[in-house]
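Coordinates in review
Here's the letter readout for the chains.
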Amino acid sequence: MPVVDYVAAEFAGQVDVIAVAWASTHEKTASAARGFLTSGATRWMLDEDDSIFAAFEVTYQPVGVFVVGGVEVNRWFGTLPEQELRQAFTDAIA
Amino acid sequence: MAYGCAGTMLIIRGVKGRNRVVGAVLATAAALGACGGGSSEQVASEPAEPATTSAVATSEAVVTTTAATVASGSTVAEDPPAGTTATVAPEEPVETPTTSAVAETTAATEPAAAPETTAATEPAPLPEGPAVPALTLELEDGTTFVTTEATRPVLYLFWAEW
């Protein structure tokens, strides 16, 4: 998560980053977000009823989904090395 | 057309004196009569000069047929007028192909330009893949984010606090 937020800050204004947290308590999620999402480039929300995870057909985490022009163009499971993550951002705005 | 008018004059030797001048006048009249079908002033005046000059310069009398004779006789059809018609006629076909050529050129140019315009205005092809679910996300910062109304690429990062 810190790496994602770091790269998101590099592409601020070009890519929107929305972090959707799996059902948990708001307090715990907010606490974790304050520790990981420090740049302000990543906005987040709590998926209280898992409906957003279900809509994106995500059954576990972490998962990244890139959407361009309303279409899913890239999806990965687990964490990506910083270089690959940066490349994914670059491909999305190309 | 000038050749056709000159060709309508018939010269008859053997007439002298005053009749020579009258003949020249008649020759002019005949020429004008033969050119009656034409609408140009040039056509009517050109044949008159050579007819008069030849009548005065020569010592022999010049008599022409009447305008009626010239108009109805076969001379008009057989002599220069026929050739004139043949000479003038090709001018029109020459113009017609020119016009056609212009039209073809225009026609060939327009279709070629159209694809360029179309290609220039065509939007970039949309990326392929599943459509994003239509959702309205209530973000922690108090804003909402509609997934289908995003104006730039979006990374949705699914995670958990544990």
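Heads up: these notes are all about the structure in this document. (Residues numbered from 1 in each chain as written. Chains lettered and ligands numbered in written order. Predicted model: local features only at pLDDT ≥ 70, side-chain atom pairs only at ≥ 80, totals over all residues. Heavy atoms only, no water.)

For the structure on display, the rule yields nine aromatic pairs over all chains. Where Phe53 of chain A meets Phe158 of chain B, the ring centres are 4.9 Å apart and the plane angle is 75°; that geometry is what we call edge-to-face. Pair noted here: Phe53 of chain A is in helix α3 (residues 51-55) and Phe158 of chain B is in strand β3 (residues 154-159), and the two residues belong to different chains. For the ring pair Phe56 of chain A and Phe158 of chain B, a centre distance of 5.2 Å and an interplane angle of 55° mean the geometry is tilted. Separated into two different chains, Phe56 of chain A in the loop between α3 and β3 (63-68) and Phe158 of chain B in strand β3 make up a pair that spans both. Looking at Phe56 of chain A, the relative accessible area reads 3%, which means it is buried. Of the aromatic side chains, those joined through ring pairs into one cluster are Trp22, Phe53 and Phe56 of chain A together with Phe145, Tyr156 and Phe158 of chain B. (Phe/Tyr/Trp six-rings, centres within 6.5 Å; stacked < 30°, edge-to-face > 60°. Helix = DSSP H or I, 4+ residues; strand = E, 2+ residues; numbered from the N terminus. Buried < 20%, exposed > 50% of the residue type's maximum accessible area, 1.4 Å probe, protein only.)

This next bit is on the packing of helix α1 (residues 2-10) of chain A against helix α4 (residues 82-93) of chain A. Residues and elements named next belong to chain A. Between α1 and α4, the shortest axis-to-axis distance is 10 Å and the interhelical angle comes to 40°. By the angle class used here, α1 and α4 are oblique. Between α1 and α4 the crossing geometry is right-handed. Of the residues in α4, those in contact with Val3, Val4, Tyr6, Val7, Ala8 and Glu10 of α1 are Glu82, Leu85, Arg86 and Phe89. When its residues are assigned to classes, the contact of α1 with α4 shows seven nonpolar, no polar and three charged. (Axes fitted to C-alpha atoms, helices over the stretch in contact; angles between N-to-C directions. Parallel < 35°, antiparallel > 145°, perpendicular 65-115°, else oblique. Left-handed = near helix turned anticlockwise from the far one by under 90°. Contact = heavy atoms within 4.5 Å. Nonpolar A, V, L, I, M, F, W, Y, C, P; charged D, E, K, R; others polar.)

Turning next to the pattern of salt bridges. Residues and elements named next belong to chain A. Summed over the entire model, instances satisfying the criterion amount to five salt bridges over all chains. A salt bridge links Glu72 to Arg75, with the nearest nitrogen and oxygen atoms 2.8 Å apart. Overall, the relative accessible area of 24% leaves Arg75 in the partly exposed class. One salt bridge in this structure joins Arg86 and Glu82, with 2.8 Å as the shortest N-O distance. Highlighted residues: Arg86 and Glu82, both in helix α4, separated by four residues, approximately one helical turn. Taken together, the salt bridges that share partners define one network made up of Glu10, Glu82 and Arg86. (Salt bridge = Lys/Arg side-chain N within 4 Å of Asp/Glu carboxyl O.)

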